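# A closer look at the structure
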Amino acid sequence: MKNRKISLTLAVVFALVLTVCDNGGGGNKTVVCTCNPKEHYLPCTCEAAGTAKCTCVVIPRGYISEYQTNVQIPIWQKAGVTNAQAIGVTTALTAAWNTSSIVTDSDKNKLKEKVQEVWIVKTATDQTWKRDIDVVDNKAIIKVQYDCPYIDNIFNDLADNLSSHGL
Ligand SMILES: [Zn+2]
Ligand SMILES: [Zn+2]
């Protein structure tokens, strides 16, 4: 009986604490996701961003299709890159990939299962080629600077130099 009283008391105290937090806890209750549409190419910046109340989804700018598979390689726009720049690079990357005189089937075959994703970035580390090849989990992440002048060469160059990237 004594134990029961203690747990009841604890339950009341706990409920009071919760009530106090709800009413005075920095306005979490009023934070709402005001985004429309709820899909973005860049991470959400609404006041609910990062909380469970924001249901926004970050989506890729586009995809390239891996050679002879159903794998879709996403092209992501990263922070600092404008929408116009991202659209331009996505169009150029997709056109290069889909033009067999630029990226041959042989190149695509070599790249099969080797590319995880493509990022469009504001500044690449490699300022000679204005693109970086990072390898994560044995697959390449190709980071293309928004104004890279060598987009046509990125895929076939990677296909020719997979081993130098440890792929
Ligand atoms: Zn939101
Ligand atoms: Zn949002």
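Look up: the structure comes first, before these words.
What this report covers is the structure whose coordinates are included nearby. Here the structure is a predicted model, which means the values were calculated and not measured.

## Regarding the overall build of the protein
Counting its secondary structure elements, the protein contains four helices and seven strands. When the helices and strands of the protein are read in sequence order from the N terminus, they spell out α-β-β-β-β-α-α-β-β-β-α. Looking at the protein as a whole, 22% of its 167 residues are labelled buried. Residue pairs in contact within the protein that sit at least 24 positions apart in sequence constitute 50% of those at least 6 positions apart.

## Re the nonpolar core
Core analysis: the biggest nonpolar cluster contains 27 residues, and Leu 93, Ile 120, Ile 142, Val 144 and Leu 158 have the highest contact counts within it. For this core, the elements supplying multiple residues, two or more each, are β4 (72-77), α2 (83-98), β5 (115-121), β7 (139-145) and α4 (151-160). Discounting residues that sit within four places of it in the chain, Leu 93 has contacts with Ile 64, Ile 75, Val 118, Val 144 and Ile 151.

## Observations concerning the environment of Cys 46
Turning to its location among the elements, Cys 46 is positioned in the loop between β1 (39-40) and β2 (57-58). For Cys 46, a count of 18 C-beta atoms within 10 Å translates into the label partly exposed. On a C-alpha basis, the gap between Cys 46 and Val 32 in space is 8.1 Å, while along the polypeptide they are 14 residues apart. The contacts of Cys 46, once residues within four sequence positions are left out, are Cys 33, Thr 34, Cys 35 and Cys 54.

## Here we look at α4
Along α4, the residues classified as buried are Ile 151, Ile 154, Phe 155, Leu 158 and Ala 159. The buried residues of α4 occupy an angular sector of 115 degrees when the element is viewed end-on, so they sit on one face. Of the surrounding elements, those touching the buried residues of α4 are α2, α3 (105-111), β6 (131-136) and β7.

## Section: the packing of α2 against α4
Contact geometry of α2 with α4 gives a least axis separation of 8 Å together with a crossing angle of 50 degrees. The angle between α2 and α4 falls in the class oblique. Judged by the twist between their axes, the crossing of α2 over α4 is right-handed. Of α4, the residues touching α2 (which contributes Val 89, Ala 92, Leu 93, Ala 96 and Trp 97) are Ile 151, Asp 152 and Phe 155. Class assignment for the residues of the contact of α2 with α4 results in seven nonpolar, no polar and one charged.

## Examining the pairing of strand β3 (residues 62-65)
Residues Gly 62 and Ile 64 of β3 are buried on one face, while the alternating residues Tyr 63 and Ser 65, pointing to the opposite face, are not. Bridge analysis of β3 against β4 gives four bridges, and the strand direction is antiparallel. Its bridge partner lying in β4, Ser 65 is registered against Gln 72. From the end of β3 to the start of β4, which pair antiparallel, there are six residues, and Gln 68 there has a positive phi angle of about 55 degrees.

## Some details on the environment of Thr 45
Along the chain, Thr 45 falls in the loop between β1 and β2. Through-space distance from the C-alpha of Thr 45 to that of Thr 34 is 9.9 Å; in sequence the pair is eleven residues apart.

## A short note on the sheet that holds β7
Pairing in this open sheet of five strands is mixed, and the strands run β3-β4-β5-β7-β6 from one edge to the other. Whereas interior strands pair on both sides, the edge strands pair on one side only; in this sheet they are β3 and β6. Averaged over all neighbouring strand pairs, the angle between strand axes comes to 20 degrees, with direction disregarded. Contacts from α2 reach β3, β4, β5 and β7 within the one sheet, and its direction differs from that of β3 by about 10 degrees. Packed on one face of the sheet, α4 meets β6 and β7 and runs near 160 degrees to β7.

The rules behind each value
- Residues numbered from 1 in each chain as written.
- Chains lettered and ligands numbered in written order.
- Predicted model: local features only at pLDDT ≥ 70, side-chain atom pairs only at ≥ 80, totals over all residues.
- Helix = DSSP H or I, 4+ residues; strand = E, 2+ residues; numbered from the N terminus.
- Buried ≥ 20, exposed ≤ 12 C-beta atoms within 10 Å, placed from the backbone.
- Contact = placed C-beta atoms within 7 Å.
- Core = buried A, V, L, I, M, F, W, Y, C linked by C-beta atoms within 7 Å.
- Arc of directions from axis to C-beta.
- Axes fitted to C-alpha atoms, helices over the stretch in contact; angles between N-to-C directions.
- Parallel < 35°, antiparallel > 145°, perpendicular 65-115°, else oblique.
- Left-handed = near helix turned anticlockwise from the far one by under 90°.
- Nonpolar A, V, L, I, M, F, W, Y, C, P; charged D, E, K, R; others polar.
- Pairing = 2+ DSSP bridges.

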